[in-house]
Structure formats: structure tokens, C-alpha cells
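# Summary of structural features
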Amino acid sequence: MTHYIRLDVVSMVRSGYFLVFSVLFSAGFYVMFTKLFTVSGWTSAPGFAATYMIALAVSGAFYAALTGGGIRLGEERGSGWARQLTLTPLSPRRYVLGKLVGAWLLVLPALAAIFILGALLNQVRMPPDRWALVLAASWGGSVCFAVFGVAIGLLVAGEATQFACLGVFFPMAILGGLWFPTSAFPQTVRQVSDYLPTSALYHLAITAERGSGEVATPLLVLACWTALALVVALARLRPEALSPAG
Amino acid sequence: MTPETRHVSIRDVTFSYGAVRALAGVTLGISAGEVVALLGPNGAGKSTLTHVMLGLLTPGIGRADLFGMRPQDAVARGLVGAMLQDTGLMRHVTVREVVGLVAAQYGRAALTGGILREAGLADLGARRVSRLSGGQRQRVKFALAIAGDPRLLFLDEPTAALDVAARHAFWEDILERAGRGRTIVFATHYMEEAEAYANRIVVLQGGQIVADGPARQIMSRVSDVTLRFTDPEAREEELARLPGVLRVKGDPGDRWELVTSDQDATLDALYGASRRGVRDLEIIRGSLEDVLMALAKETGLP
């Protein structure tokens, strides 16, 4: 299975499409709001370079996990490649598990790229152990996104998966406050926002960066979303699920 | 027959897609070293039967076993290789990478070079899969099916998109495998390939097996033969009275066409009674295709 995960990850990175949305998109936002534009009450807040770096790293991680898990899985189910590969000793369960692990691994370069950008462009400074904690929190919590991606990839097949993933990504990233501050949203939306996995992971990583803050609530939110996605994925993982018509 | 030599065992399998019955009570056993062609018109149940054999579909009634175990278990043990239609390939990888990936699942990654050679891909290993022609893609799919040197190989329309030379090389490889006791099951629309390379032909119609045996035996089921000859003196009424003759057709050029159910009796009478100039005699046996058409008429199944 390691051979399969390795080639899957390598081919995803080669595809370019993955890098554009998971790294360049976040990097573009980061440069825009830390270097080019100033929005009073938001970009001028103390420590903005670091908090916005974390928000956009989570956004990139979310997209990387959705592409690696969801888009790839949906495409391969639609094209028949999933069926071909599981007519070998690689079982359907391990095939899907491999997609999950692959999606999770793809999160790492997306996180690392934005963290490096933060350090180089805006001199975001933390002690090494704090950096490690931020990375561990954001990467660890991204398991939720990877399961999410796999669930979408099992629900939708073919080209529709791309739209399904984007349809999940944009609202969750924006409502989760990863791109713009939630203070701009109406009160009701802000209340919902706290219960989104994107917002939960952001808060968890911010807690890691500051060394104190909420831990239990975001962890619980992430766990609930992970469980939900896992239930959906397992319900969809029937023997015929990997055939093009299934 | 012992279970070990029985590579495929299908018993009373019925499968329906909703209200549409795709297989109706199919029973089929296939043994080591057999090369079996699955024939039948579109919608006859060939794909459904193949999917049941591979464990991709679970029959509502009946049972399918490979090597005496559930198809999924035989697949998991690396005993099976398959080349199905509508199979996409992995993206953003080279031919060598994708074949190597599948070989690795069978624990044969180190043999990738040899697998590429067997499939006629030795020069294409470094090529991106997205840059292959139709025939080259077909060869990659074949390489994936044989990557594990499986004891049982399923091939659906394996020679589609292959040119004559590639097709020839392909069948040589298949016969070599059968010679080593590998079992081959293939579906095709090329009747001449079934006739030439299969030692057993299974004809499906309307979800049922309507004929099963060597090509020659199946063709003998429809024994009508067409005799064509030139004879300026023959008369239609006279020819129609010859033993065995079913139909007579003449044309202004004195060229006659007799359809007979008893070729020997008709020829004896034609030459014995006649004195004269039967020339340019052609004996036309029904092709496998004619036989299938005749079977379809006989059974009245789609």
C-alpha cells in the first residue's frame, strides 16, 4: 500500500492543479492582505501577520485534503481506474484508506509553504517548539478534512466531484473566517461559524501559537465532523462503489 | 473434477438490475488452461456475467466461485487479472510507474521491465499515460491485467484498437499463457478471433447460455450449407427436387445458389444425375456469425 500512496501523492503534486489552489491561492491572499492592502480593524490588528498566516495555512490544508481525497477519489471512481486497481490484491477498503492517508500527507506541503512564507515575508517569529506545536495541531486536525474529502469522493463521482469539493470549500473557508474576519458577518452566521471544522481547526492552531486558549471545544467540533464524514464514507463503501456505474 | 482444477464455477446465477433480468439461471464451469470466448449480442449478459465472476456484482440467486472461494478472496490472493472496458488509467504518471504500481500489488514490482516487454511496451516506459495513442493505451491495460501473471485472466474486448501486428502478438502471448495452465476468459465482437483462438465458445442470449462447446461443434449445430455453381442447363424445378435442398436461387448468368441441409446427398445427386457441366462449385459453410444469428432466431431471445 505504501507504493500506491507514494505514487498517488507524487502524481498529485505533479498535476499542478493541486498546487494552484492549495498553495498559490493562499499565498496570494496572504501577500495581498499583509503587504498590499490595509483594512482598518482587521489587517492592522497586532499579530495579524501570524494569525492570518495560520488562517490561510488551514485554508490551503483544507483544499489540499479535498483534492487529494475527494477530487482524486471521485475521478478515479468515475473513470474506472479505482475498479482496475482494486481488481488486484489491493482491496477496496485499503484503496480508500490509501486515498485518506495520501490526502493527509498532501496537507503538509500546503501548511509548510504558507508557514515559510509567513516567516520569510513578514518575519513571523516563534520558538521552534511553538512552530512545531502549530504544525502538529494544524496537521493533526486536518485528518478531519481528509476524511471529509474521502466522504465526498465516495458520494459524488466523475467531474461532478470537482464542483462538489469547490462547493464545500468556498463556503466553509469563508464562513469559517479563514479569508476574512467573521466580525463582518451577521450575528447568526457568526454563531454557526464556530461550529464549522475550518473555524475549529483555525482556533486550535491559534491556541497552539499563543500557548493558551480554547482546546476542548474546537477538538470536539472537529471530532464530530470527522465522525459524521466517517459514517458517510463507511455507508458508501460497498463492493460496487468503486465501479464506474456504482 | 476437483475444486482445484475448476478455476471458475458459476451455479444457477440469476442477476437483475431492478426489473431487468440480465442473467437467468446461468451455470458454467471453467477449468485450468481453457481459453473461453464469451459471445453474444450487446445486452445478452456478457458484462454482467464477467462482473459476477469478478465479484463486482453479487448475484441475487445462485453462487459464483473462483478457485473454490469467493471471487473477492481469489482477487485478494492475486489469482486474478482483468482487463475491462471503460477503464481509465491513473493520471500524471508514466507507463512504467502505473504498470509498476499494479505489479507491486502482486509483489512483482521488480519484474516491471519484463511485464512491459511482454505487453509490447518496452520503448514506452517513460511516456506519460496521457500521451498514449488508443492502441498503446490498450496495451497498457493488457500489461495491468497480466502484471500479476494471474492464473485466471478476464479480458473484455481485448483487441479493440489494436492493429493487425499487435493483435497477432497479443494472441501469441495468450496462447503461451494457456499452455502454462493459465485460464483465459474473453469477450469479443470479432468472431474470427473466437473461432481461431478459443478452445471453447460460450454463447449468451437473453441472459442464458444457449450454446457451449468448441467452435466446430457449435457451428455444426447449424448444418445448412450453401452450394454455388454455374450450370447453363439446369432448371429451377429440377434443382429444387434434389435431396436435402431447402432453397434455390438462380441468376441470369446461370449461376445457382442452393441451400441444403444435407450437403453430401445434394452433391451426389447433383453430380450423379447430371451428366453435365456443373462448374466453379463453391461450398459455403455458415460462419460463426451466421450460427449466432441462427441461434438467436431459434431461441427467440434478445
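Nothing here was measured: the structure is a model prediction, and the numbers come from that model. (Residues numbered from 1 in each chain as written. Chains lettered and ligands numbered in written order. Predicted model: local features only at pLDDT ≥ 70, side-chain atom pairs only at ≥ 80, totals over all residues. Heavy atoms only, no water.)

Our next topic: the domain arrangement of chain B. What the domain assignment reports for chain B is domain 1 (6-212) and domain 2 (223-285). Here domain 1 of chain B and domain 2 of chain B have C-alpha centroids that lie 45 Å from each other. (Domains from an automatic or database assignment.)

Turning our attention to the sheet that holds strand S2 (residues 20-31) of chain B. Residue and element names in this part refer to chain B. On the basis of which strands lie adjacent, the open sheet formed by three strands has the order S2-S1-S4 and antiparallel pairing. In the strand order of this sheet, the two ends are held by S2 and strand S4 (61-66), each with one partner. Taking each pair of neighbouring strands and ignoring which way they run, the sheet shows an average axis angle of 20°. Both strand S1 (residues 6-17) and S4 contribute to a ladder of five bridges, which runs antiparallel. Across the sheet, the residue bridging to serine 9 is aspartate 65, located in S4. This element, helix H1 (residues 46-53), spans S1, S2 and S4 of the sheet and lies at about 60° to S2. (Pairing = 2+ DSSP bridges. Helix = DSSP H or I, 4+ residues; strand = E, 2+ residues; numbered from the N terminus. Axes fitted to C-alpha atoms, helices over the stretch in contact; angles between N-to-C directions. Contact = heavy atoms within 4.5 Å.)

On to the environment of valine 164 of chain B. Within the secondary structure, valine 164 of chain B sits in helix H6 (residues 164-179). Residues valine 164 of chain B and serine 133 of chain B lie 31 residues apart in sequence; the distance between their C-alpha atoms is 16 Å.

Here we take up the nonpolar core. With 128 residues, the main nonpolar core has Tyr52, Met53, Trp81 and Tyr95 of chain A together with Leu155 and Ile201 of chain B as its most contacted residues. Counting residues per element, this core draws most heavily on helix H3 (residues 48-79) of chain A, which supplies 17 residues. Those residues in contact with isoleucine 201 of chain B that sit more than four places away from it in its chain are Ala37, Leu39, Ala194, Glu195, Ala211, Asp212, Gly213, Ala215, Ile218 and Leu288 of chain B. Core analysis: the second largest hydrophobic core is formed by 34 residues, Leu87 of chain A together with Val80, Val185 and Val202 of chain B among them. (Core = buried A, V, L, I, M, F, W, Y, C linked by side-chain atoms within 4.5 Å. Buried < 20%, exposed > 50% of the residue type's maximum accessible area, 1.4 Å probe, protein only.)

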